[in-house]
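# Architecture and fold: a report
Spelled out, the chains give:
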Amino acid sequence: MKSPRKLIMAAPVFFLLTLHTLASSGYGNWPDTRHSNGHACIEKLFLKTTCYLVVHIFGPDITKLFRADMNADVVCHTLEFCKQDPGQPLCHLYPLPKEAWTFTLEKARQIVKKSPALTYSRSGAGICSLPFLAKICQKIKLSIQNSVPFKDADSDKYSDFPTLRGFYWRGRDCNDSNKMAYPGRRPDNWDSYQDSNCNGIWGVDPKDGIPYEKKFCEGSQPRGVILLGDSAGAHFHIPPDWITASQMSLKSFLNLPIALTNELDWPQLSGTTGFLYSTSRIKENSIYLRLRKRNHCNHRDYQNISKNGASSQNLERFIESLSRNQLLDYPAIVIYAMIGNDVCSGNIDPLPEMTTPEKLYSKVMQTLQYLDSHLPNDSHVILYGLPDGRFLWDHLHDRYHPLGQLNKDVTYAHFYSFLNCLQVSPCHGWMSSNKTLRTLTSERAEQLSKTLKKIATSQKFTNFDLFYLDFDFQEITEEWQRRGGQPWQLIEPVDGFHPNEVVLQLLADHFWKKMQHQWPHVLGKENPFNPQIEQVFGDQGGH
């Protein structure tokens, strides 16, 4: 068994290696058991190769450095995952070594000076530089960049493969050899002979000769839900037990392949399109599951068009991955939730990079015009405002980060400072000890929210009506406290930035109640035939 002390020291390096490996593999900002055998083998090969390179190239040097009592900061700088540019301050997460930094760093470099790891690190090469993986890497990269499924034989933007933008992100394709069969379409000939909309309802009732789709779904106002979002909407999540030495076990990494092939996102558990029941032990479910419960004819009609790093300014790069045919498909509820990246960046001075109200207005109008030309009539679009991110510093700065819980040596204030120093913070404006900067960031967020509200109350479109909702973090916090929770429990513990699964589910509950009380037509009818659908079709083929 490895020394517990060595495992503790390795935890933060593993965290940095994970991010380094993702970056070198082309994963962007930070890929049901019903796999096709070929793609499952490719996925396993890709991941096994990644693990092999990490362990066999970097593992020996990390071990040597730890045996020489070097801490994670020294290892990070020695292997050049962390770099100090000329004139820039030294970035470190843990207390500096007792000996002078330059002396310690030179000592560490001497230990690994003949190592192939440094050559590999400096070359900028990744696993995708290997000839036998180059082609698959390019396909994965394009899939992620364009937000379309990696495996999609009929090119209808739906897949029977779970990850790499497959059915964890949008409803599972029930016939990947027929591009006219996909979730959300109006049934072809009432699906008398085959399931053309993948909701699991098809065939003819032998008692009266009426197609089941016509009998159970006609007039029930089916609709899907589509999210245009960022990493929060995709549910970005790094499990704490990946980096917390006291919690690590072999079981900790069972979900690693799924996480890596989903860009460290968990859309299958998200508040808008999640189809797996929440792991957070609260009773609330996603908006999609509520729509499905309301009308079983909505089965599998969800699309999570979210992307890490997405904002109003770059949505146009991947909005075409949205799948809706105005003539063939049912209406949709589209939720626009770019809640952070218009005010967030990792730059030393983030203020000049923030989206202005004028730029936001222009890009959102462009998005809405695109939707009006693609959504079926009687659709609905909801614009979400931005939250007040001062919550992060106020509730986390003096708490210990998972990397510092054991020795009580790394608080979130330290962690934020480290990320800002490296210029890799997801949001320098809010994850900062500078109160003025935090206030200015919130003021800009409020300005952008007012702009979205202005658009929602003043603009009209042909194929959808338009609404605005505040991202009321305070209301969600109060609800959580009424249940006995603490505010700090609502944030992802590893990155200290993203709303966690509890927030996403409570936000879905807030959305649902708002629709029920103010705009019930958005949700459609409750289908009185739901019990009959369950009796005839069971779980309708599952997800």
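Shown above is the structure to which this text applies.
Quick caveat, the model's predicted, so the values are computed rather than measured.

What counts, and at which threshold
- Residues numbered from 1 in each chain as written.
- Predicted model: local features only at pLDDT ≥ 70, side-chain atom pairs only at ≥ 80, totals over all residues.
- Heavy atoms only, no water.
- Helix = DSSP H or I, 4+ residues; strand = E, 2+ residues; numbered from the N terminus.
- Expected span 1.5 Å × (residues − 1).
- Polar contact = N/O pair within 3.5 Å; in protein donor to acceptor, adjacent residues only side chain to side chain.
- Buried < 20%, exposed > 50% of the residue type's maximum accessible area, 1.4 Å probe, protein only.
- Pairing = 2+ DSSP bridges.
- Disulfide = S-S within 2.5 Å.

Here the focus is helix α16 (residues 501–518). Taking 1.5 Å as the rise per residue, α16 with 18 residues should run 26 Å; its terminal C-alpha atoms sit 26 Å apart, in good agreement. The N-terminus of α16 is capped by Asn500, whose side-chain oxygen sits 3.1 Å from the backbone nitrogen of Val502.

This part is about the pairing of strand β3 (residues 332–337). With six of six residues buried, β3 lies mostly within the body of the structure. Both strand β1 (residues 224–229) and β3 contribute to a ladder of six bridges, which runs parallel. Across the sheet, the residue bridging to Ile226 is Val334, located in β3. One ladder, built from four bridges, connects β3 with strand β4 (residues 379–384); its direction is parallel. What sits directly across from Tyr336, in β4, is Leu383.

The subject of this paragraph is the state of the cysteines. Under the defined criterion, the tally for this structure stands at five disulfides. What pairs with Cys76 in a disulfide is Cys82, and their sulfur atoms sit 1.8 Å apart. With the S-S dihedral at roughly 75°, the linkage between Cys76 and Cys82 falls on the right-handed side. Accessibility assignment for this pair places Cys76 and Cys82 in one class, buried. Linked covalently through their sulfurs, Cys217 and Cys297 form a disulfide whose S-S length is 2.0 Å. Taking the sign of the S-S torsion, -90° for the link of Cys217 and Cys297, the bridge is left-handed. Of this pair, Cys217 sits in helix α7 (residues 212–217) while Cys297 sits in the loop between α10 (287–294) and β2 (302–306), and the two are 80 residues apart along the sequence. Residues Cys217 and Cys297 agree in their burial class; the two are buried.

Moving on, we come to unusual backbone geometry. Positive phi, normally seen in glycine, also occurs at Asn189, with a value near 55°. Look at Trp190: it is not a glycine, yet its phi comes out positive at around 55°. With respect to the helices, strands and loops of the structure, Trp190 is situated in the loop between α6 (131–146) and α7. The class for Trp190 is partly exposed, based on a relative accessible area of 27%.

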